[in-house]
Amino acid sequence: MEADASVDMFSKVLENQLLQTTKLVEEHLDSEIQKLDQMDEDELEHLKEKRLEALRKAQQKFLKGKACFLKRVILA
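The name recorded for the protein in an unreviewed UniProt entry is Thioredoxin domain containing 9, from Gorilla gorilla gorilla.

A. Quick peek at the overall build of the protein. Within the protein, the regular secondary structure consists of two helices and zero strands. For the protein, the C-alpha atoms occupy an extent of roughly 65 × 50 × 5 Å along the three principal directions. Taken over 76 residues, the protein has a buried fraction of 0%. About 7,700 Å² of surface is accessible on the protein, with carbon and sulfur atoms providing 61% of the total. Side-chain charges of the protein comprise 13 positive and 16 negative groups, with the mean position of each set lying 17 Å from the other.

B. The arrangement of the domain arrangement of the protein in detail. Per the domain assignment, the segments making up the protein are domain 1 (1–38) and domain 2 (41–75). Between the C-alpha centres of domain 1 and domain 2 there is a distance of 35 Å.

C. The arrangement of the environment of Ser11 in detail. Along the polypeptide, Ser11 turns up in helix 1 (residues 2–37). Its relative accessible area of 37% is what places Ser11 among the partly exposed residues. Spatially, the C-alpha atoms of Ser11 and Lys50 are 43 Å apart, while their sequence positions differ by 39 residues.

D. Expanded view of the pattern of salt bridges. By the definition in use, this model includes two salt bridges. A salt bridge links Arg56 to Glu53; the nearest nitrogen and oxygen atoms lie 3.6 Å apart. Separated by three residues within a single helix, Arg56 and Glu53 lie in helix 2 (residues 41–75), roughly one turn from each other. The partly exposed category is assigned to Glu53, whose relative accessible area is 38%.

E. Representation of helix 2 in the model. Over its 35 residues, helix 2 extends 51 Å from the first C-alpha to the last, a length consistent with the 51 Å expected when each residue adds 1.5 Å. The opening residue of helix 2 is Asp40, an N-cap whose side-chain oxygen sits 3.3 Å from the backbone nitrogen of Asp42.

The rules behind these values
- Every chain begins its residue count from 1, and numbering advances along the sequence as written.
- Only residues with pLDDT of at least 70 are given local features in this predicted model, and only at 80 or more are side-chain atom pairs given and counted; all residues enter the totals for whole chains, interfaces and linings.
- The basis for every side-chain value is the complete set of heavy atoms in the structure, and neither hydrogens nor water enter the calculation.
- Numbering of helices and strands runs from the N terminus, with a helix taken as a DSSP run of H or I at least four residues long and a strand as a DSSP run of E at least two residues long.
- The buried label goes to any residue with under 20% of its type's maximum accessible area, the exposed label to any with over 50%, and the partly exposed label to all in between, with areas taken from a 1.4 Å probe on protein chains only.
- Exposure was quantified through the Shrake-Rupley algorithm and a 1.4 Å probe, taking into account, for residues, occlusion by the shown protein chains and nothing else.
- Asp and Glu count as negative and Lys and Arg as positive, but His and the ends of the chain are not part of the count.
- Throughout, a charge is located at the NZ atom of Lys, the CZ atom of Arg, the CG atom of Asp or the CD atom of Glu.
- An automatic or database domain assignment supplies the start and end points of every domain.
- Each reported salt bridge corresponds to a side-chain nitrogen of Lys or Arg within 4 Å of a carboxyl oxygen of Asp or Glu.
- Expected span of a helix: the number of residues minus one, times 1.5 Å.
- Nitrogen and oxygen atoms within 3.5 Å of one another constitute a polar contact, given that in protein one can donate a hydrogen and the other can accept it, and given that sequence-neighbouring residues count only through two side-chain atoms.

As structure tokens, this is what we get:
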């Protein structure tokens with residue numbers, strides 16, 4: 001019986017923690033959505049260009065790593 005009480009207590013604590021975390025994430029997402037809603041066209045375009053540049057850099061990094069890997073495989 002004591003084990004059941006401990007499990008119930010743990011379940012309630014875990015449930016509360018998950019609820020609090022979910023609320024925090026929801027508040028953060030609402031805040032980000034509000035920021036995006038208030039942006040004008042120039043700000044959105046700047047954000048888009050910044051994201052594209054980050055994607056280009058990530059792709060270059062990936063391709064460089066792939067090339068290094070292939071060199072090792074071929075030379076091995």
